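Structural overview for review
If you want the building blocks of each chain, they are given just below.
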Amino acid sequence: MPKHSAGLLPYRFRDGVVEVLIGHPGGPFWARKDDGVWSVIKGEYTDEDPLVAARREFREETGLELPDGEAVALPVIRQRGGKVVTVFAVEADIEVDGAVSNTFEMEWPPRSGKKQSFPELDRFEWCSVERARIKLLAAQAALLDALPPRS
């Protein structure tokens, strides 16, 4: 049975350009990787409403509260590893300078017996849809085509 994740894709309009908020995965494996590894801000859930899970995960992954706004369901995607991802677009212009992600623990360096903590996401960026197509995981880039038009 595949794992399920739910996430939010905040978007805004700046000088006639649509921008989306995405995150870079933390930890030593991702430290030197950039294009094609960024992600929608999301997390796994089981027996929970996907929108409730998406809002919870956004708070956990950024330390920020997302302003209330209409959440528009985007097409459900399946990532290369089989994970099923449900994403909601929310129009929001939020400051991310103070964003701090929750952490995970892993053995590092490998086979050292030492545990270290790393942030789930180590960077957040507002970027144009064109730039996001390059930065996001391939399966997630398709979500950009389903963003709602300017209201």
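Residues numbered from 1 in each chain as written. Predicted model: local features only at pLDDT ≥ 70, side-chain atom pairs only at ≥ 80, totals over all residues. Heavy atoms only, no water.

Summed over the entire model, instances satisfying the criterion amount to three aromatic pairs. Ring geometry for Tyr11 and Phe13: centres 5.9 Å apart, planes at 85°, overall edge-to-face. Relative accessible area serves as the criterion here: at 17%, Phe13 is assigned to the buried category. Seen in terms of ring centroids, Phe29 and Trp30 are 4.7 Å apart; in terms of plane orientation they differ by 85°. Their pairing is edge-to-face. Here Trp30 falls in the partly exposed class, since its relative accessible area comes to 28%. The ring of Phe29 carries the charged tip of Lys33 above its face, separated from the ring centre by 4.3 Å. (Phe/Tyr/Trp six-rings, centres within 6.5 Å; stacked < 30°, edge-to-face > 60°. Buried < 20%, exposed > 50% of the residue type's maximum accessible area, 1.4 Å probe, protein only. Lys NZ or Arg CZ within 6 Å of the ring centre and 35° of its normal.)

Moving on, we come to the environment of Pro28. For Pro28, the position within the fold is in the loop between β2 (17-25) and β3 (41-45). Classification of Pro28 as partly exposed rests on a relative accessible area of 22%. Taking the C-alpha atoms as reference points, Pro28 and Leu147, 119 residues apart in sequence, are found 32 Å from one another. Ignoring anything within four residues of it in the chain, the contact list for Pro28 reads Met106, Trp108 and Phe118. (Helix = DSSP H or I, 4+ residues; strand = E, 2+ residues; numbered from the N terminus. Contact = heavy atoms within 4.5 Å.)

Relative to the 18 Å expected for 13 residues at 1.5 Å per residue, helix α1 (residues 50-62) spans 18 Å between its end C-alpha atoms, a close match to the ideal helical length. Listed as buried for α1 are Ala53, Ala54, Arg55, Glu57, Phe58, Glu61 and Thr62. Contact partners of the buried residues in α1: β1 (4-14), β2, β3, β4 (71-73), β6 (84-91) and β9 (121-128). Measuring from the side-chain oxygen of the N-cap residue of α1 to the backbone nitrogen of Leu51 gives 3.0 Å; that N-cap residue is Asp49. At the C-terminal side of α1, Gly63 shows a positive phi close to 75°. (Expected span 1.5 Å × (residues − 1). Polar contact = N/O pair within 3.5 Å; in protein donor to acceptor, adjacent residues only side chain to side chain.)

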